[in-house]
Each structure stands twice: as C-alpha cells, then as structure tokens.
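Residues per chain are reported as follows:
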Amino acid sequence: MPRRTLPPPPPPVHLRTWPDRNALLADRGMALEELRRRSLGVHRLLLLWLLGLGGVIGWSLLALPIQMVEDKEPMVIVFGPVCAVLGLGALVPSVIGIVLGIRQDRKIRELTDTWLALDSHPTADSALRSPGLSLCWLLGSFVLCALGLWASFAAAAYAEPGRDSYGDVVLGMGAGLVLWLTGLVGATKAVGHYRWAVRKLTPAAVAGGAHR
C-alpha cells in the first residue's frame, strides 16, 4: 500500500471475499501493523519534535523585532517585517502540522478499532500494545514538558531590570510554552494509547468482545 495512504477500512459484509479465516487474519494483521507503525512509529515522534523545533524557531524570529526595538536598533524598520514574515512562516506550518497529526491519529484509532472488531487473534494483537514505544513517547514528552516549563518560569522569574529586556522574557516564555505544548501532545498520545490498549487488548477485554 502507498506509504502516504492509510489502510482502508474492512469492506462491508456483503463485499467480503476472503476465501477463509486465515486469509482474513492475514489482511487484518497487515492492516493493524501498518496502522500501529503509522501511529506510534519513532518517525512520528521525531516529526513531532521537528514541528516543535520549527515552532520555537518561528517564535524566536517573532520576538527578535521586540528585542531590536528595545535596543533601539535603526535597522528594525527593515529587518522587523522580514523577521515577522519568516517567524510566521515557521510557526504557522508547525501548528498546522501538529493539528493535522492529531486528526490523523483519530482516523488511525477509528480504523484500528474497525479492523480489530473484524475478528479476534490475541497472539498477534498483543504486539499492538507496543509498551516500549509508548514508554519512549511518554518519557521523551515528559522531558520536553519539563524543559518547556523550566524555560518559561526561568525567563520570568530570573529576569532582572537593566540586564534582561522584555524581548528576552517574551522569547523565553514563548519558546518554553511551545516546548511544553509539544510535549503535552506527545504525552497525551502515549497515555491515550495505554488506556486504549487496556480497554481493547487485555485478556478480559478480548474475551468480552469474543462473547458478544
């Protein structure tokens, strides 16, 4: 299947043409594995961090004209608008990318639930729990949240008149907020996946679904 296209949902009952259960389970397993990779793969975590970095760069460029005004830089008239345009050019796509990623995760979750409900194969489905990847997402996001909070509070708490300008405070607090929000998105995803796995993939949940 194309790398940029999510697996389609299972066909309706009247259009299913699997010759036997083994063929159904094979297609089901391939679809679920691809959905798991597209949701929790390391490339998704790195992409989230890259978008967060883009947001920090964009905010830094937006804060630069404020610093130039406070320093009474005469070239602010020329470089101020340029920095604003470049800052928005980095910040806005990063925000859009994160929002689109959240929407894609919702679509992936819906498709996963649809394929999961098609049949039951506990041995193969246990791989969908992905505890290692979930922990990687959680720990990495926790570090990012902590770094963002530290940057925000440090920029405000340790600012000294005459040494730190308002632009420095705006830069530190804004960049820290971007990092914290990026980490929060990743942590929410990790916790959401854990709760979903407990609800859908524990032996009791699988047994309950099989009896319905």
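Quick notes on the rules
- Residues numbered from 1 in each chain as written.
- Predicted model: local features only at pLDDT ≥ 70, side-chain atom pairs only at ≥ 80, totals over all residues.
- Heavy atoms only, no water.
- Salt bridge = Lys/Arg side-chain N within 4 Å of Asp/Glu carboxyl O.
- Helix = DSSP H or I, 4+ residues; strand = E, 2+ residues; numbered from the N terminus.
- Buried < 20%, exposed > 50% of the residue type's maximum accessible area, 1.4 Å probe, protein only.
- Core = buried A, V, L, I, M, F, W, Y, C linked by side-chain atoms within 4.5 Å.
- Contact = heavy atoms within 4.5 Å.
- Polar contact = N/O pair within 3.5 Å; in protein donor to acceptor, adjacent residues only side chain to side chain.
- Axes fitted to C-alpha atoms, helices over the stretch in contact; angles between N-to-C directions.
- Parallel < 35°, antiparallel > 145°, perpendicular 65-115°, else oblique.
- Left-handed = near helix turned anticlockwise from the far one by under 90°.
- Nonpolar A, V, L, I, M, F, W, Y, C, P; charged D, E, K, R; others polar.
- Phe/Tyr/Trp six-rings, centres within 6.5 Å; stacked < 30°, edge-to-face > 60°.

Asker: Explanation requested: the pattern of salt bridges in the structure shown.
Answerer: Counted by the stated rule, this structure contains seven salt bridges. Note that R28 is salt-bridged to D125, the shortest N-O span being 2.8 Å. Of the two residues, R28 is situated in helix α1 (residues 21-40) and D125 in helix α4 (residues 122-125); the sequence distance between them amounts to 97 residues. With respect to burial, R28 and D125 carry one shared label: buried. E33 serves as the salt-bridge partner of R36, at 2.7 Å between the closest nitrogen and oxygen. In this pair, R36 and E33 both sit in helix α1, three residues apart, roughly one turn of the helix. Exposure remark for R36: the relative accessible area of 19% places this residue in the buried category. The class for E33 is partly exposed, based on a relative accessible area of 35%. Each of E34, R37 and R38 takes part in salt bridges that share partners, so that together they form one network.

Asker: Which parts of the structure should I look at to understand the nonpolar core?
Answerer: Considering soluble globular proteins, one finds that nonpolar side chains tend to be buried as a cluster. Grouped together as the largest cluster of nonpolar side chains are 15 residues, with contacts concentrated most on L35, W115, L116 and L201. If you list the elements that add at least two residues to this core, you get α1, α3 (76-116) and α6 (166-201). Once residues lying within four places of it in the same chain are set aside, the contact partners of W115 are P8, P9, P10, W18, D27, R28, A31, L32 and L35. Counting seven residues, the second-largest nonpolar core is a separate cluster that includes L40, L45, I98 and A190.

Asker: I would appreciate a short explanation of the side chain of K189 in the present structure.
Answerer: Relative to the elements of secondary structure, K189 occurs in helix α6. Accessibility expressed as a relative area gives 14% for K189, which makes it buried. Apart from residues lying up to four places away in sequence, K189 is in contact with S39, L40, R44, D105 and W137.

Asker: Even after reading the chapter, I still don't get the environment of I102, so can you show me in this structure?
Answerer: Tracing the backbone through its elements, the reader meets I102 in helix α3. Judged by its relative accessible area of 33%, I102 falls in the partly exposed class. Once the C-alpha coordinates of I102 and L46 are considered, the two residues, 56 residues apart in sequence, prove to be 15 Å apart.

Asker: I tried to follow unusual backbone geometry on my own but got confused; where do I start?
Answerer: With glycine set apart, most residues show a phi of negative sign, and most peptide bonds adopt trans. For S130, which is not glycine, the phi torsion reads 45° and is therefore positive. Mapped onto the elements, S130 comes out in the loop between α4 and α5 (131-157). You can call S130 buried: its relative accessible area is 7%.

Asker: What's the story with the side chain of D105 in this structure? I'm lost.
Answerer: Inspection of the secondary structure puts D105 in helix α3. Within the local environment of D105, its side chain forms a polar contact with the side chain of R44, the two groups lying 3.1 Å apart. Beyond its immediate chain neighbours, meaning those up to four positions away, D105 contacts S39, R44 and K189.

Asker: What is the right way to read the packing of helix α2 (residues 42-70) against α5 from this model?
Answerer: In a pair of packed helices, the angle between the axes and the distance between the axes together describe the arrangement. At a minimum axis distance of 10 Å, the contact between α2 and α5 shows a crossing angle of 15°. Considering the angle they form, α2 stands roughly parallel to α5. Relative to α5, α2 is oriented so that their crossing is right-handed. Contacts from V42, R44, L45, L48 and W49 of α2 reach α5 at L133, C136, W137, G140 and L144. Split by residue class, the contact of α2 with α5 holds eight nonpolar, one polar and one charged.

Asker: Help me understand the packing of aromatic side chains, please; the structure alone is not making it clear to me.
Answerer: Two descriptors summarise a pair of aromatic rings, namely the distance from one centre to the other and the angle between the planes of the rings. Enumeration according to the criterion identifies one aromatic pair in this entry. Residues W18 and W115 carry aromatic rings whose centres are separated by 6.5 Å and whose planes lie at 70° to one another, so their mutual orientation is edge-to-face. Here the residue W18 occupies a position in the segment before α1, and W115 occupies one in helix α3, the gap between them amounting to 97 residues. Its relative accessible area of 6% is what places W115 among the buried residues.

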